[in-house]
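So you can see what is in the structure, the chains are spelled out below.
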Amino acid sequence: MTETVNPAEIPQFPAARAARCPFDPPPVLHALQEQGPLAKVKVWDGSTPWLVTRYEEQRALLADPRVSADVTRPGYPRSAPVVSRNGSAISFILMDDPEHARLRRMVQAPFTVRRIETLRPAVQKIVDGLIDDMLAGPSPVDLVEAFALPVPSLVICELLGVPYADHEFFQDNSKILIRRAADPEERAAAFARLVGYLDDLVGQKLDHSGEDLLSRLAERIKADELTRPEAARMGVLLLVAGHETTANMIALGTLALLEHPDQLDLLRRTDDPKLVAGAVEELLRYLNITHSGRRRVALEDIEIGGQVIRAGDGLILANDIGNRDPAAFPDPDRLDLRRDARRHVAFGFGVHQCLGQPLARMELQVAYGTLYRRVPTLRLATELERIPFKHDGQVYGVYELPVAW
Ligand code: HEM
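Visitor: Hey, could you run me through the coordination of the iron atom of the ligand in this one?
Guide: For the iron atom of the ligand, the sole protein-derived donor is Cys 354 (SG), lying 2.3 Å away. Here Cys 354 is to be found in the loop between helix H14 (319–322) and helix H15 (357–374).

Visitor: Looking at this structure, I do not really get the site of the ligand. What am I missing?
Guide: Around the ligand there are 27 residues in total, and His 100, Arg 104, Arg 296, His 352 and Cys 354 lie nearest to it. Separating an oxygen atom of the ligand from a side-chain N or O atom of His 100 is a distance of 2.6 Å. Arg 296 has a polar side-chain atom sitting 2.8 Å from an oxygen atom of the ligand. Per-element accounting of the shell around the ligand gives the leading share, seven residues, to helix H11 (residues 228–258). Grouping the amino acids of the shell around the ligand by side-chain chemistry returns 16 nonpolar, eight polar and three charged.

Visitor: Is there a simple way to think about the sheet that holds strand E4 (residues 141–142) in this case?
Guide: In a beta sheet, neighbouring strands pair by backbone hydrogen bonds and run either parallel or antiparallel. Strand order in the open sheet made by the three strands is E4-E10-E9, with antiparallel pairing throughout. Taken across any chain shown, the strands that pair with only one partner, and hence form the sheet edges, are E4 and strand E9 (379–380). Two strands pair when backbone bridges link them, and E4 and strand E10 (residues 402–404) are joined in this way by two bridges, in the antiparallel orientation. By the bridge assignment, Asp 142 is partnered in E10 with Pro 402.

Visitor: Would you mind showing me how to read the sheet that holds strand E8 (residues 314–317) here?
Guide: Strand order in this open sheet of five strands is E1-E2-E8-E5-E3, and the pairing throughout is mixed. In the strand order of this sheet, the two ends are held by strand E1 (38–40) and strand E3 (67–68), each with one partner. Both strand E2 (residues 50–52) and E8 contribute to a ladder of three bridges, which runs parallel. Looking across to E8, one finds that Trp 50 is bridged to Leu 315.

Visitor: I keep staring at helix H10 (residues 213–222) and nothing clicks. Help me out?
Guide: Two residues of an α-helix separated by three or four positions point the same way, owing to the 3.6 residues in each turn. Among the residues of H10, Leu 213, Leu 214, Ser 215, Leu 217, Ala 218 and Ile 221 are the ones counted as buried. Summarising the contacts, the buried residues of H10 are in contact with helix H3 (99–107), helix H7 (150–160), helix H9 (184–207) and H11. The residue sitting at the N-terminus of H10 and contributing the capping side-chain oxygen is Asp 212; that oxygen lies 3.4 Å from the backbone nitrogen of Leu 214. In the stretch just after H10, Asp 224 is the one whose phi turns positive, near 60°.

Visitor: Help me understand empty space enclosed by the protein, please; the structure alone is not making it clear to me.
Guide: One simple way to see leftover space: roll a probe sized like a water molecule over the atoms. For the structure shown, the criterion picks out one cavity of 30 Å³ or more. One number sums up the size of the largest cavity: a volume of about 50 Å³. Classifying every residue of the lining of the largest cavity gives three nonpolar, two polar and five charged.

Visitor: Explain the environment of Leu 61 here, please?
Guide: The residue Leu 61 is located in helix H2 (residues 55–62) in this model. In sequence terms Leu 61 and Glu 158 are 97 residues apart; their C-alpha atoms lie 35 Å from each other.

Visitor: Help me out: how do you make sense of the environment of Val 82 in this one?
Guide: Locating Val 82 in the fold gives a position in the loop between E3 and H3. When its relative accessible area of 43% is taken as the criterion, Val 82 is described as partly exposed. As a C-alpha pair, Val 82 and Asp 183 span 101 residues in sequence and 8.8 Å in three-dimensional space. Apart from the residues lying within four places of it in its own chain, the contact partners of Val 82 are Pro 184 and Arg 187.

Visitor: Quick question: what am I supposed to make of the packing of aromatic side chains here?
Guide: The relative placement of two aromatic rings is captured by the distance of their centres and the angle of their planes. With the rule as written, the count across this model stands at five aromatic pairs. The interplanar angle of 55° and the centroid separation of 5.0 Å between the aromatic rings of Phe 169 and Tyr 197 together place this pair among those described as tilted. Note that Phe 169 is positioned in helix H8 (residues 167–177) and Tyr 197 in helix H9, a separation of 28 residues in sequence. Seen in terms of ring centroids, Phe 389 and Tyr 396 are 6.0 Å apart; in terms of plane orientation they differ by 10°. Their pairing is stacked. Across the pair, Tyr 396 and Phe 389 agree in class, each one buried. Across from the ring centre of Tyr 396, 3.7 Å away, lies the NZ or CZ of Arg 17, which sits over that ring. Across from the ring centre of Phe 349, 4.2 Å away, lies the NZ or CZ of Arg 59, which sits over that ring.

Thresholds, definitions, all that
- Residues numbered from 1 in each chain as written.
- Predicted model: local features only at pLDDT ≥ 70, side-chain atom pairs only at ≥ 80, totals over all residues.
- Heavy atoms only, no water.
- Donors = N, O, S within 2.8 Å, 3.2 Å for Na, K, Ca; no water.
- Helix = DSSP H or I, 4+ residues; strand = E, 2+ residues; numbered from the N terminus.
- Near = heavy atom within 4 Å.
- Polar contact = N/O pair within 3.5 Å; in protein donor to acceptor, adjacent residues only side chain to side chain.
- Nonpolar A, V, L, I, M, F, W, Y, C, P; charged D, E, K, R; others polar.
- Pairing = 2+ DSSP bridges.
- Buried < 20%, exposed > 50% of the residue type's maximum accessible area, 1.4 Å probe, protein only.
- Contact = heavy atoms within 4.5 Å.
- 1 Å grid on protein atoms, 1.4 Å probe; cavity = no way out; pocket = protein on both sides within 12 Å on 5 of 7 lines; lining within 4 Å.
- Points joined across faces, edges and corners; volume = space filled by probe spheres on them.
- Phe/Tyr/Trp six-rings, centres within 6.5 Å; stacked < 30°, edge-to-face > 60°.
- Lys NZ or Arg CZ within 6 Å of the ring centre and 35° of its normal.

Bear in mind that shape data such as this cannot, by itself, settle questions of function.
Here it is in structure tokens:
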């Protein structure tokens, strides 16, 4: 059943995107997907995990209890070198049940769709205020600094109980933490600084509790249900995941729309919440910013897609190309805001499926639903070729986006 592959023919992962198609996955992923659902690839340390390219097999494996997200297991395909430090894993995203479920349960209440909807008016106010400031200032401006980063940062700070005044500190360190190309020592130091910062905040909440999520975690510590280091690492996960991802979606989504004027026009002219919500799903599918794949390791032999994955084999579920699988989404490389894209895997699938997705969806609906209507003349203030893309990041996006109106 398993094919013998000539080692010289194993492609390198991650691969480069085509310069002219900054929104599309690398062409080699398209080619691999056409050949079959799984292929061996070579990663930075010379190891050869499986790359899973097709949508159905990705969902099947992400939902399979024989597959582990535990980064400490041998065979786990790390995305970049690490220096080993005690407790360096970024909380439950890299753990298996029951530990993963125990920790996730402690933070999930504020992220339900119902609770997130109550925040919509406050998010609308933030978005309107930032657009007011932008319009009152000089044009061109960098949309990342002026809009894309502050929207989710302000919101996650409020939810967690982190002072927004510290945004430069946590944004700078988050950027290092998720840069694959960063020196491992530098990345470990950024992580340690973030853990130290969150640990201080948790300490403050132990003394003076509030209504925020870190205060809830402080109560769990007092009840001996959680250790302080666990709380600090969960805080880092929520803070980093809560602002970097959505910020990249806002900026990259805006660029994709500016490059597809007919699609941008749909958003500019509508106040139909259903169309806006559908547009968010399609942009999540089309851009799939978590482009370095979901990483897993097999716990047992698994037969799938005409191959046998052996216990201990590493797996990379490339959800960017999964979202462009023609068997799941007809004409997948076309950005079509009117299509039904809700079954995309941009938020992953299975037990680790994104905890913050109701929040991300709502923020993106408010941001996309407001920006282009309020600034109908928004345009790119440079050539596409000059935009710095995050090819080296765990999360894809743009480092800056000069826009004018
Ligand atoms: C557009 C924005 C976002 C995208 C594309 C995104 C994507 C993802 C993906 C693909 C995963 C699955 C990881 C895996 O299976 O290995 C994930 C997990 C996670 N995300 Fe998001 N995310 C976004 C926004 C957010 C926000 C706003 C938060 C808020 C705190 C958040 C918190 C988390 C957490 C805590 C996990 C880990 C879940 C678990 O392991 O059980 N994300 N996200």
